[in-house]
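Geometric and topological summary
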Amino acid sequence: GQQVMQIPQYQHVQEGEDFTTYCNSSTTLSNIQWYKQRPGGHPVFLIQLVKSGEVKKQKRLTFQFGEAKKNSSLHITATQTTDVGTYFCARLLSGNQFYFGTGTSLTVIP
Amino acid sequence: SAVISQKPSRDICQRGTSLTIQCQVDSQVTMMFWYRQQPGQSLTLIATANQGSEATYESGFVIDKFPISRPNLTFSTLTVSNMSPEDSSIYLCSGGSADTQYFGPGTRLTVL
């Protein structure tokens, strides 16, 4: 289908622990985007990955695109309470429609 | 980047009535979309708002129920018609390009 699956659905971590969410598709992705939605807020764009095997970093966040372009991951090192929220991956289809993944809700325990 | 505003921010409506949500972008964008999001759930794409032509609807969404206008590159409206309690949700518009989307703050709709 058009939706991409994310695992885990929920993750609780102690502050300072690492966190990873995975985005998996049964079909090849032309690109993958990641968004963060804080509780009560709207999705905010984080990054786009386009190339096979691409790795991008934003401070404590590391984004990877799989070699086969069917999966992606977001890794947060040493989580902080400001990392709380739901992380979504999103795919762009040829008709210029964006479909969001199922999301991973991150809770950081101080 | 783009800043997107939506109004109303929230509304409580009676079943059978209609509500029009407005989405304004502070700069011209190539793409605009409308999404629906239930609490704790992901975003479901309703339609792509096409400038000067009919919107492109996703499976399960029809023009009679969710008419959309996009008269220019910075503005779009979504109408939720003949509302029922099942339409209670958060409605989000987004605008941007193929490289990124910026979201409005959302409209929280409650249908009684």
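See the structure above.
Residues numbered from 1 in each chain as written. Chains lettered and ligands numbered in written order. Predicted model: local features only at pLDDT ≥ 70, side-chain atom pairs only at ≥ 80, totals over all residues. Heavy atoms only, no water.

1. Focus: the packing of aromatic side chains
Per the counting criterion, the structure on display carries 11 aromatic pairs over all chains. Look at A:Tyr35 and A:Phe45: their rings are 5.6 Å apart centre to centre, the planes differ by 70 degrees, and that puts the pair in the edge-to-face class. Here A:Tyr35 is found in strand β4 (residues 32-37), whereas its partner A:Phe45 is found in strand β5 (residues 44-49), with 10 residues between them in sequence. The exposure class assigned to A:Tyr35 is buried, which follows from its relative accessible area of 0%. Where B:Tyr35 meets B:Phe103, the ring centres are 5.6 Å apart and the plane angle is 45 degrees; that geometry is what we call tilted. Here the residue B:Tyr35 occupies a position in strand β4 (residues 31-37), and B:Phe103 occupies one in strand β10 (residues 101-103), the gap between them amounting to 68 residues. (Phe/Tyr/Trp six-rings, centres within 6.5 Å; stacked < 30°, edge-to-face > 60°. Helix = DSSP H or I, 4+ residues; strand = E, 2+ residues; numbered from the N terminus. Buried < 20%, exposed > 50% of the residue type's maximum accessible area, 1.4 Å probe, protein only.)

2. Some details on the pairing of strand β11 (residues 104-109) of chain A
All names here are of chain A. Alternating residues of β11 divide into Thr 104, Leu 106 and Val 108, all buried, and Ser 105, Thr 107 and Ile 109, none buried. Bridging between strand β9 (residues 85-92) and β11 involves three bridges; their strand directions are antiparallel. The partner of Thr 86 across the bridge, within β11, is Ser 105. (Pairing = 2+ DSSP bridges.)

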